[in-house]
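Structural description and commentary
So the chains spell out like this:
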Amino acid sequence: MPLALLALAVGAFGIGTTEFVMMGLLPEVAGDLHISIPSAGHLVSAYALGVVIGAPLLAAVTARMPRRTVLIALMALFVAGNAASAFAPDNSWLLVARFVSGLPHGAFFGVGAVVATSMVAPERKARSVSLMFLGLTVANVAGVPVATLMGQHLGWRATFLGVSAIGLAAIASLALLIPRDRVPAPSAGLRGELAALKSLPVWLALGTTVAGFGALFAAYSYVTPMLTGAAGYADASVTLLLALFGVGATIGNLLGGRLADHAMRKTLFGGLLSLAAVLALFPLLMSTAWSAALAVTLLGMAAFVTGSPLNLMVMEKASSAPSLASSANQAAFNLANAGGAWIGGLALAAGFGVTSPALAGAALAVLGLAVAGAAYAVDRRRVAAPRAGRERVVAGHVPQQAETVQY
């Protein structure tokens, strides 16, 4: 694997840290800016909105630019957004800064996935994508806990200055390690990239992402009350258990990349099936402390096994616009974040119990399997149609030849 993948992983580490650290800093931000916790929660939504809008928009606008240049520019925008967050004088400015911080998120992963796959042999494409996303999963293990502690002891503004420093390190790594001649500008242009998104297989792949990762976030968004209310953990233990989720996600990400290079579709189906099973068993696993810790780890593994095959499948279905399609997949991931949390919250508000969001997530995982199955059926039909046409041509042509020979 080329060393250039390390530069992409550094950028992914910074993005993963800034995306999730706000959830742990809400009390500090709310106290310093004199706003309520729910109002501070809008800062999480502002970042997610930036991802959803910025992912397809920036990928489309930069379609003709060299991808190395695009990656560096996106990371510069990331640094600017986080630096602005650190110096925001009030909540309104911080909302804008968080929105700007989210804009380059999806496009960076989208363009980065194209760059990663362009530098390796075809049989290593999924592994190259998984190594880039390794930065995102490691951020949940190390980056977010360390950044949260920094914010609690040095102030939340210091956290965003630290994230900005990671972004600067990523820019230096991209400039040094991404080769100029291996990532030329695509020729499709903006119109060609947008036209590629009209394909039904692309939308089915994106739908699988929304349903599959919606299953994850339906449960993960409420994992803290599950751990404290059902498994009996103290609040102070939750940070360590969330780190276990990051460990599981890291293992699942690497495993999914390796397996997808051998059998992409089987890896996707296996991951979604495993996710549905883990979530369905959550009420039972949350009954004891040790099994709850196992459940959190398995949740991360099962969910992130599907990450590389989903991203690779979207890129293959939109082969003329891989950057835009992969960026759209990141927007779908954030829609899954918001939608899954909303559906899990509905189950909790309905009084079905503290572990009910996991069961709602299991239902979403089954829905993801159904959408993935529909995508597989469409692919089979599209492959079979030209083959049947060729067989009809041959069947009509051969007898005519035979008649000519006889006469």
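Look a little higher up for the structure.
Let me begin by describing the structure that accompanies this report. (Residues numbered from 1 in each chain as written. Predicted model: local features only at pLDDT ≥ 70, side-chain atom pairs only at ≥ 80, totals over all residues. Heavy atoms only, no water.)

**Considerations on the layout of surface pockets**
- In this structure, the largest pocket encloses a volume near 1000 Å³.
- What lines the largest pocket is a set of 35 residues, and nearest its centre among them are Phe20, Met23, Gly24, Tyr220 and Leu242.
- Those elements giving two or more residues to the lining of the largest pocket turn out to be α1 (4-33), α2 (37-61), α5 (125-154), α8 (200-220), α9 (223-229), α10 (238-262) and α15 (322-349).
- In terms of residue class, the lining of the largest pocket is made up of 21 nonpolar, 11 polar and three charged.
- Looking at the second largest pocket, its volume works out to about 170 Å³.
- Taken together, 10 residues make up the lining of the second largest pocket; nearest its centre are Trp203, Leu206, Ala328, Ala331 and Ala332.
- Of all the secondary structure elements, the ones that give two or more residues to the lining of the second largest pocket are α2, α8 and α15.
- Taken together, the residues of the lining of the second largest pocket sort by class into 10 nonpolar, no polar and no charged. (1 Å grid on protein atoms, 1.4 Å probe; cavity = no way out; pocket = protein on both sides within 12 Å on 5 of 7 lines; lining within 4 Å. Points joined across faces, edges and corners; volume = space filled by probe spheres on them. Helix = DSSP H or I, 4+ residues; strand = E, 2+ residues; numbered from the N terminus. Nonpolar A, V, L, I, M, F, W, Y, C, P; charged D, E, K, R; others polar.)

**Section: empty space enclosed by the protein**
- Per the counting criterion, the structure on display carries three cavities of 30 Å³ or more.
- By volume, the largest cavity is sized at about 150 Å³.
- What lines the largest cavity is simply Phe133, Leu136, Thr209, Phe213, Asn253, Phe304, Gly307, Ser308, Asn311, Asn329, Gln330 and Phe333.
- Put simply, the parts of the chain that give the lining of the largest cavity at least two residues each are α5, α8, α14 (307-317) and α15.
- Split by residue class, the lining of the largest cavity holds five nonpolar, seven polar and no charged.
- In this structure, the second largest cavity spans a volume of roughly 80 Å³.
- Lining the second largest cavity are Glu19, Phe20, Leu136, Asn140, Leu216, Phe217, Tyr220, Phe245, Phe304 and Phe333.
- When residues in the lining of the second largest cavity are grouped by element, the largest group, three residues, is from α8.

**Topic: the nonpolar core**
- Counting 55 residues, the largest nonpolar core has Leu216, Leu227, Leu275, Leu279, Phe282 and Met286 as its most contacted members.
- Top element by residues in this core is α8. It accounts for 10 residues.
- Each residue touching Leu227, except ones within four places of it in the same chain, is listed here: Gly232, Tyr233, Leu241, Met286, Ala292 and Val296.
- Within the second largest apolar cluster, 32 residues are counted, among which are Ala107, Val163, Ala170 and Ile178. (Core = buried A, V, L, I, M, F, W, Y, C linked by side-chain atoms within 4.5 Å. Buried < 20%, exposed > 50% of the residue type's maximum accessible area, 1.4 Å probe, protein only. Contact = heavy atoms within 4.5 Å.)

**Concerning the packing of helix α4 (residues 91-118) against α15**
- One can describe the packing of α4 onto α15 by two numbers: an axis separation of 7 Å at closest approach and a directional angle of 135°. In terms of orientation, α4 and α15 fall into the oblique class. As α4 packs across α15, the resulting crossing turns out to be right-handed. Between α4 and α15, the residues in contact are His105, Gly106, Ala107, Phe109, Gly110, Val111, Ala113 and Val114 and Pro322, Ser323, Ser326, Ser327, Gln330 and Asn334, respectively.
- Split by residue class, the contact of α4 with α15 holds six nonpolar, eight polar and no charged. (Axes fitted to C-alpha atoms, helices over the stretch in contact; angles between N-to-C directions. Parallel < 35°, antiparallel > 145°, perpendicular 65-115°, else oblique. Left-handed = near helix turned anticlockwise from the far one by under 90°.)

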